[in-house]
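# A closer look at the structure
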Amino acid sequence: MRLRNVPGSEAIVGNSPFVVQEAGKTRGHWKAAFGNDNPIHIEVGMGKGKFLNTMAMGNPEINYIGIERYTSVLLRALQKMEENPLPNLLFICMDASELEQVFGEGEVSRIYLNFSDPWPKARYAKRRLPSRQFLARYDKILEPGGRIEFKTDNRALFDFAVEELEPAGWTARQISYDLHRDGEMMEGNVMTEYEEKFSSAGNPICKYIVYRTADFLQNNTESTTG
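Small disclaimer: the values here were computed from a predicted structure and weren't measured. (Residues numbered from 1 in each chain as written. Predicted model: local features only at pLDDT ≥ 70, side-chain atom pairs only at ≥ 80, totals over all residues. Heavy atoms only, no water.)

### Observations regarding the overall build of the protein
Note the following rule: The helix count covers DSSP runs of H or I at least four residues long, the strand count covers runs of E at least two residues long, and both are numbered beginning at the N terminus. Here the globule rule is a power law, 2.2 Å times the number of residues to the power 0.38, and the radius of gyration is based on C-alpha atoms. Remark: exposure states derive from per-residue accessible area (1.4 Å probe, protein chains only) relative to the maximum for the residue type, with buried under 20%, exposed over 50%, and partly exposed in between. What makes two residues a contact is simply this: any of their non-hydrogen atoms within 4.5 Å. Computed with a 1.4 Å probe, the accessible areas rest on the Shrake-Rupley method; for each residue, only the protein chains presented here act as cover.
When helices and strands are tallied, the protein shows 10 helices and seven strands. Its C-alpha atoms give the protein a radius of gyration of 17 Å, near enough to 17 Å, the size a compact globule of 226 residues would have. Across the 226 residues that make up the protein, the buried fraction comes to 47%. For the protein, the proportion of contacts with a sequence separation of at least 24, taken over those separated by at least 6, is 76%. As presented, the protein carries roughly 11,500 Å² of accessible surface, and 48% of it is formed by carbon and sulfur atoms.

Structure, rendered in structure tokens:
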């Protein structure tokens, strides 16, 4: 269970230089915010930030933005940044439903969804981050050829996510129902806190890498004729 009530967390997040305040004003200007033209990757629902922190350290040529709704969770990521500030990593405290208000069309190169809240009740399906409603939001902010990577240990959520792809206009490039036994997809894999916990308990981790169907078909055609 995520901590959602840490006294003082709102004030700390609200005053942190690592958190972009009023992020909507930066819409369309994120590369300027980083001071370079490097591609931008975002993690929606970043939790305590281990995944993005590791990615940012290992890939200085990429700009990373972590999005987390709860200040008490984001606080843990800020503690890591205070110990080791990274110039290519920023955070936003916001609800994921507001993505289009914060990122311009085609402004993001890659989106990571890691161990998202499953919202198990059917009436909350549209709140699930790999739902067709969210895929439509991602479609607006991803650049042509941009992709989404989704990992979870929740098989029911993963099955739902795969079923949402075709009606939403997305195609899977790679799918694994046991990531840690998949040599190809495990290459370069960076684990989150939840992944370490669940995999050590023997839970298989599911992952997909998906593209818009139009982009996927175009890339395949170019590969065949090139």
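### Topic: the side chain of Glu 195
In this fold, Glu 195 is placed in helix α9 (residues 193-200). Ignoring any residue separated from it by four or fewer positions in sequence, one finds Glu 195 in contact with Phe 115, Lys 151, Leu 179, His 180, Asn 189, Val 190, Ser 200 and Ile 205.

### Looking at the pattern of salt bridges
Applicable threshold: For salt bridges, the criterion is a side-chain nitrogen of Lys or Arg within 4 Å of an Asp or Glu carboxyl oxygen.
As enumerated under the stated definition, the model contains 14 salt bridges in all. Residues Glu 193 and Lys 80 are paired through a salt bridge, measuring 3.8 Å at the closest nitrogen-oxygen approach. Here Lys 80 lies in helix α4 (residues 71-83) and Glu 193 lies in helix α9, a separation of 113 residues in the sequence. In this structure Glu 193 comes out as partly exposed when scored by relative accessible area, which is 25%. Among the salt bridges present, the one from Glu 195 reaches Lys 151, with a minimum N-O distance of 2.7 Å. Here Lys 151 lies in strand β5 (residues 142-152) and Glu 195 lies in helix α9, a separation of 44 residues in the sequence. Judged by its relative accessible area of 3%, Lys 151 is buried.

### Structural notes on the environment of Leu 113
Mapped onto the elements of the fold, Leu 113 is located in strand β4 (residues 108-114). Separated by 36 residues in sequence, Leu 113 and Ala 77 place their C-alpha atoms 17 Å apart.

### Some points on the nonpolar core
What counts here: The definition of a nonpolar core used throughout is a set of buried Ala, Val, Leu, Ile, Met, Phe, Trp, Tyr and Cys residues joined through side-chain atoms within 4.5 Å.
Trp 30, Ile 42, Phe 103, Ile 111, Tyr 138 and Ile 148 are the most contacted members of the largest nonpolar core, which has 37 residues in total. Looking at this core, the element that brings in the most residues is helix α7 (residues 155-168), giving five residues. The next biggest cluster of nonpolar side chains, apart from the first, holds 19 residues, and it includes Met 46, Phe 51, Leu 52 and Leu 89.

### Quick look at the packing of aromatic side chains
Quick reminder of the rule: Planes of paired rings set the category: under 30 degrees apart is stacked, over 60 is edge-to-face and the rest tilted, where pairs are Phe, Tyr or Trp rings (Trp by its six-membered ring) whose centres lie within 6.5 Å. Charge over a ring is defined by NZ of Lys or CZ of Arg lying within 6 Å of the ring centre and within 35 degrees of the ring normal.
The full count for this structure, using the stated rule, is 10 aromatic pairs. Pairing Trp 119 with Tyr 124 gives two aromatic rings, centres 5.4 Å apart and planes at 70°, and the pair type is edge-to-face. For the ring pair Phe 134 and Tyr 138, a centre distance of 6.1 Å and an interplane angle of 35° mean the geometry is tilted. Here Tyr 138 and Phe 134 lie together in helix α6 (residues 132-141), a separation of four residues that amounts to about one turn. Note on Tyr 138: relative accessible area 0%, which makes it buried. Through a chain of ring-to-ring contacts, the aromatic side chains of Phe 150, Phe 158, Tyr 177 and Tyr 208 assemble into a single cluster. In this structure, Arg 128 packs its charged tip against the face of Phe 160, placed 4.6 Å from the ring centre. For Arg 137, the ring lying beneath its charged end belongs to Phe 134, and the centroid distance is 4.5 Å.

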